[in-house]
Amino acid sequence: MDDKHMQIGEVAARTELSLRTIRHYEETGLVIPSARSQGGFRLYTEADVARLMVIRRMKPLGFTLDEMRDLLDITDRLDTAPSSDAVGREALLERVEVYEQAAARKIEDLRIQLSRAEDFAATLRTRLRNAPGEDAAARSAAARPDPAPALGAETPQACEAGMRGGASAPRR
């Protein structure tokens, strides 16, 4: 690996994490700078950036700091474990598998939440397109088209008919 050291600002730009977040991860022991400059500035390596990227990817899935710390410890041990210790490596890989399964479950939960959020946004767009009033046509033209109708979502025609009591209103 490259032994080039980076200051915290460059690491923040590369990882898209704030300086404050990186310092927090240092305070909690998740990532320790590999070195310090003569002036006391934190210096990071590619390995430190890789650790931060693991943390960044775990965070939106709701993993706790302790879980992040545990997984990073496991991966560190896998990287340094002698290949002659097959039993130890197998135990570590089983722990990684548990994290992989947890990540898959959390991703599925997020997909469900996203689907519900998209359904909600589609309902609001439909309501805007079908709102009575003089500027309804302008709102209708400005409203983005539904990316894909959601299962069980009302069609704009059904919403419009329901708002007018089933009768057709004259178009302007």
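Scroll up for the structure.
Residues numbered from 1 in each chain as written. Predicted model: local features only at pLDDT ≥ 70, side-chain atom pairs only at ≥ 80, totals over all residues. Heavy atoms only, no water.

## A closer look at unusual backbone geometry
Okay, so step 1: Look at E16: it is not a glycine, yet its phi comes out positive at around 60°.
Okay, so step 2: Position of E16 among the secondary structure elements: in the loop between α1 (8-15) and α2 (19-27).
Okay, so step 3: E16 gets classed as exposed once you look at its relative accessible area, which sits at 64%. (Helix = DSSP H or I, 4+ residues; strand = E, 2+ residues; numbered from the N terminus. Buried < 20%, exposed > 50% of the residue type's maximum accessible area, 1.4 Å probe, protein only.)

## Notes on the nonpolar core
One recurring pattern in soluble globular proteins is that nonpolar side chains are buried together.
Okay, so step 1: If you look at the biggest cluster of nonpolar residues, it comprises 26 residues, and the most contacted ones within it are V11, I22, L30, L52, I55 and F63.
Okay, so step 2: Where this core is concerned, the elements lending two or more residues are α1, α2, α3 (46-58), α4 (65-80) and α5 (86-130).
Okay, so step 3: Apart from the residues within four sequence positions on either side, F63 is in contact with M58, M68, Y99, A102, A103 and K106. (Core = buried A, V, L, I, M, F, W, Y, C linked by side-chain atoms within 4.5 Å. Contact = heavy atoms within 4.5 Å.)

## Some thoughts on the side chain of T45
Okay, so step 1: Looking at the element boundaries, T45 is found in the loop between β3 (42-44) and α3.
Okay, so step 2: Apart from the residues within four sequence positions on either side, T45 is in contact with K4, H5, M6 and S34.

## Some remarks on the packing of aromatic side chains
Okay, so step 1: Across all of its chains, the model carries one aromatic pair by this definition.
Okay, so step 2: Where F63 meets Y99, the ring centres are 6.0 Å apart and the plane angle is 50°; that geometry is what we call tilted. Taken together, the residues span a long stretch of sequence, with F63 in the loop between α3 and α4 and Y99 in helix α5 at a distance of 36 residues. As far as the burial class goes, F63 and Y99 line up, both buried.
Okay, so step 3: Directly above the ring of F63 sits K106, whose terminal nitrogen or CZ lies 4.3 Å from the centroid. (Phe/Tyr/Trp six-rings, centres within 6.5 Å; stacked < 30°, edge-to-face > 60°. Lys NZ or Arg CZ within 6 Å of the ring centre and 35° of its normal.)

## Some thoughts on the sheet that holds strand β1 (residues 6-7)
Okay, so step 1: As summarised here, the arrangement of the three strands in space is β1-β3-β2, forming an open sheet in which the pairing is antiparallel. Of all the strands in the sheet, just β1 and β2 (35-36) have a single pairing partner and so form its edges.
Okay, so step 2: Where β2 and β3 come together, two bridges link them in antiparallel fashion. If you follow A35 over to β3, its bridge partner there is L43. (Pairing = 2+ DSSP bridges.)

## Quick notes on the packing of α4 against α5
Okay, so step 1: At a minimum axis separation of 10 Å, α4 and α5 run at an interaxial angle of 145°. Classified by chirality, the crossing of α5 by α4 is left-handed. Residues E67, D70, L71, I74, R77 and L78 of α4 pack against R89, L92, L93, R95, V96 and Y99 of α5.
Okay, so step 2: Within the contact of α4 with α5, the residues separate by chemical class into seven nonpolar, no polar and five charged. (Axes fitted to C-alpha atoms, helices over the stretch in contact; angles between N-to-C directions. Left-handed = near helix turned anticlockwise from the far one by under 90°. Nonpolar A, V, L, I, M, F, W, Y, C, P; charged D, E, K, R; others polar.)

## Considering α2
Okay, so step 1: All of the buried residues in α2 are I22, Y25 and E26. On an axial view of α2, the arc spanned by its buried residues comes to 105°, and they lie on one face. Opposite its buried face, α2 presents the exposed residues R20 and E27, each directed more than 90 degrees away.
Okay, so step 2: Tucked into the core, α2 has its buried residues touching α1, β2, β3, α3 and α4.
Okay, so step 3: Just downstream of α2 lies G29, where phi reads positive at about 85°. (Arc of directions from axis to C-beta.)

Read these as spatial facts, not as claims about activity.
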